[in-house]
Amino acid sequence: MAKQKLKTEHSGPKNGGGHWGTRKEGKRLSSKARRSQGRKESKSTEKLTGESVERPKVHPWRMCSEGRHWVRTHSMTVEPSEKHPDGKTIRHGHCADNPNRGKGKKAKTVRDYIETNEMNEIAKDQFGSLKGPPAPAPKEWPYKSSDLYDDLIRGWTKYWNDIFHPSYPLDPNLVKALIASESGFNPKPNDQSTKSSGKARGLIQLTDQTIRILGDVNGELKDHYVKMSRDDAYDPNLSVAAGTRWLFYKKEWASNKLGREASWDEAIAAYKGYLPGIISGKNPNPTGMQNIRKHYQELK
Amino acid sequence: MRTMQNFFLIFLLCLSPLASAIGSLVQKYPDILLSNDHGILKEKDMVDDLSYKKVVPYRINEDQPGFPRWQCFPVKDVKPIVQTWRGVDGMGGDKEVSMCDLHILAEAKELLHDYFEPRAWNYNHCREFRKAWNKLTRNESFICLNGEPFLLEKENIKGVDRMVKSWQWTKIKTKKGCYSYRAGVCE
């Protein structure tokens, strides 16, 4: 009877998990059980967020599931050991958690974050088999390499159209016309080492500020961040990927400004900084829009 | 008298390579350099774009975006003008900032050349341009502008009908140096 009393003294885990011993011992064992259970749960979460997971990807072309991004094979420093006497090892390509948006208790892992390695992998693996616009450049165009970046334009336009699902998808011909008007299909200037900030770079002529905003998880963008460096803007693939993403951001901004879904021509006007002047009537037909409109007409 | 003749001969000998050098760029690249360059431009300036562009013969009446040409003017005939407003920078965030649309106007005989940029910018850009402009043009007589030709149109400017040729400019150059809003083009 005394033993039975001892049993009921402990009110530990229920559903058959109780401990038939002293209260102190019961508490100790129950804490151990909790830690073990916690580890199990943590492992299962890890499995859930790992590469072989059921969590959806933001896009079928992506290498990692939502909330994670691809990190390519890289060297890393470890504690020197028999296996790694020099304290260096190779970490193979893997998925890593996305950074957090916000700080403290409000911090939340961002859903979509893409870095340069993954953008390069996507272009390499996915774009070769795609077909459709942009149209080949008219013979009168003076650019020697005007069709050289068609696969990148086609691929990234499809990718961002799939992500954002606009009512009127972005036309790859418009992206091609934008590149013609901005850089004349010349991705690399004479001197790429220039540190001058505020100037435009690469095929789509992104600025340092644009590149910063695209990758800033605590900035203006709410999701679908693109992380790259200033020098990456000279890379045609990364320039088209980031520039097209930026165009979608400007379309969203223009739609908010207009109170209706903006057209792509209005999105381009916003991209070029002309939209407020067009809306107010102060600069209804800016000369800076002539170039892209002419190129676009010739491609359609 | 003979000394005078010798001096004149030597003077001509010295002048002829100089004269041919001045003329040679226009003669060699008539579709890239449309005027006398007054010793500002180099062969490199002519061939810079040729690695990725095909030469298109220049026709003043046509809209020919894509292939840039050089033209040089007396500095006194060239004037940058800036239109400003409050707006959102196309390359920036959602905040309203001072924006500017920069044009460079060049007077040439009956024609006014209007060099514009492919986009409007945060006002800092125009401030930067003004600084570069002052530095490049101070005590200089001529300036060369590089741009892609657009329409030739009749416009009414201050009550007067004028023929205006539009250009999308990329860089400007004097004997003091070069400036562009594109990174790495002039550095």
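Everything discussed here concerns the structure shown above.
Residues numbered from 1 in each chain as written. Chains lettered and ligands numbered in written order. Predicted model: local features only at pLDDT ≥ 70, side-chain atom pairs only at ≥ 80, totals over all residues. Heavy atoms only, no water.

**Student:** Could you give me a rundown of the overall build of chain A, with the residues and numbers involved?
**Tutor:** Along the backbone of chain A there are ten helices and eight strands. Across the 300 residues in chain A, those meeting the buried criterion constitute 48%. Sequence-distant contacts in chain A: of pairs separated by 6 or more residues, those separated by 24 or more amount to 57%. Total accessible area on chain A stands at roughly 16000 Å², and carbon and sulfur atoms take up 50% of it. (Helix = DSSP H or I, 4+ residues; strand = E, 2+ residues; numbered from the N terminus. Buried < 20%, exposed > 50% of the residue type's maximum accessible area, 1.4 Å probe, protein only. Contact = heavy atoms within 4.5 Å. Areas by Shrake-Rupley, 256 points an atom, 1.4 Å probe, with all protein chains shown as cover.)

**Student:** Can you break down the pattern of salt bridges residue by residue, with the values?
**Tutor:** Under the criterion given, the structure shown has 26 salt bridges over all chains. Among the salt bridges present, the one from Lys 272 of chain A reaches Glu 182 of chain A, with a minimum N-O distance of 2.8 Å. Of this pair, Lys 272 of chain A sits in the loop between helix H8 (264–271) and helix H9 (275–280) while Glu 182 of chain A sits in helix H5 (residues 172–183), and the two are 90 residues apart along the sequence. With respect to burial, Lys 272 of chain A and Glu 182 of chain A carry one shared label: buried. A salt bridge links Arg 162 of chain B to Glu 107 of chain B, with the shortest nitrogen-to-oxygen separation between them at 3.0 Å. (Salt bridge = Lys/Arg side-chain N within 4 Å of Asp/Glu carboxyl O.)

**Student:** Go over helix H4 (residues 150–164) of chain A with me, naming the residues and quoting the values.
**Tutor:** The periodicity of an α-helix, 3.6 residues per turn, causes residues three or four places apart in sequence to face the same way. Residues and elements named next belong to chain A. Across its 15 residues, H4 extends 21 Å between first and last C-alpha, which sits within 8% of the 21 Å expected from 1.5 Å per residue. Extensive coverage of H4 is indicated by the burial of eleven of its 15 residues. Inspection of H4 places Asp 150, Leu 152, Ile 153, Arg 154, Gly 155, Trp 156, Thr 157, Tyr 159, Trp 160, Asn 161 and Ile 163 among the buried residues, and these make up the whole buried set. Its buried side turned inward, H4 meets strand E7 (113–115), helix H3 (116–126), H5, strand E8 (225–227) and helix H7 (236–258). Where H4 terminates, the next one or two residues include His 165, which has phi positive at roughly 45°. (Expected span 1.5 Å × (residues − 1).)

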